[in-house]
Amino acid sequence: MLNSKQRAALRGIASNYETIFQIGKGGISETLISQVDDALRKRELIKLHVLDNSMYTAREAAEEIASKTGADVVQVIGSRFVIFKRNPKEPVIEIKL
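Just so you know, these numbers come straight off a predicted model, no measurement behind them.

A. Structural context of the overall build of the chain. A count of helices and strands for the chain gives 3 helices and 4 strands. Counted from the first residue to the last, the chain has its helices and strands arranged as α-β-α-β-α-β-β. Relative to its length of 97 residues, the chain is compact, with a C-alpha radius of gyration of 13 Å against a globular reference of 13 Å. On the principal axes, the C-alpha backbone points of the chain span a range of 40 × 25 × 20 Å. Of all 97 residues assigned to the chain, the portion counted as buried reaches 41%. Put simply, of all contacts in the chain between residues at least 6 apart along the chain, 66% involve residues at least 24 apart.

In C-alpha cells form, the structure reads like this:
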C-alpha cells in the first residue's frame, strides 16, 4: 500500500508517460492481465486508457487490474489511470517504500 507522499511522487513521474494499454469493448481479458503484469515487471509504473465503448469506468478497470496483478492504483483521472507494482529483484523507480 502506498502512502500519500509516495503516490504524489509516482503521479509526478507518470505525468510524462504515454498510455501503453487501452481497454475497449473486449473488457479485461486474461491476455490483457498477463500483458499488464509483464509491463509492470519491466517498468513498474504504467498508464492505461479506458475507451468510451468499454463497459468499465476507469476506476472499475483500475481496481480490477490492480487486484489481479497485485499492483497499487496511483491515480485515476477521467478515462485514464496509473498503476504501480514494485519489482523486488530489479527496481526501476526509486521511491522510499
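B. Just helix H1 (residues 4-14), in detail. Along H1, the positions that sit buried rather than exposed are Gln 6, Arg 7, Leu 10 and Ala 14. Buried residues along H1 cover an arc of 100° about the axis, so they all sit on one side. Exposed residues pointing more than 90 degrees away from the buried face of H1 are listed as Ser 4 and Lys 5. At the N-terminal end of H1, a side-chain oxygen is found 3.1 Å from the backbone nitrogen of Lys 5, two or three residues along, and the residue is Asn 3.

Cut-offs and rules
- Residues numbered from 1 in each chain as written.
- Predicted model: local features only at pLDDT ≥ 70, side-chain atom pairs only at ≥ 80, totals over all residues.
- Heavy atoms only, no water.
- Helix = DSSP H or I, 4+ residues; strand = E, 2+ residues; numbered from the N terminus.
- Rg over C-alpha atoms; globule rule 2.2 N^0.38 Å.
- Buried < 20%, exposed > 50% of the residue type's maximum accessible area, 1.4 Å probe, protein only.
- Contact = heavy atoms within 4.5 Å.
- Arc of directions from axis to C-beta.
- Polar contact = N/O pair within 3.5 Å; in protein donor to acceptor, adjacent residues only side chain to side chain.

So yeah, pure geometry; function would need other evidence.
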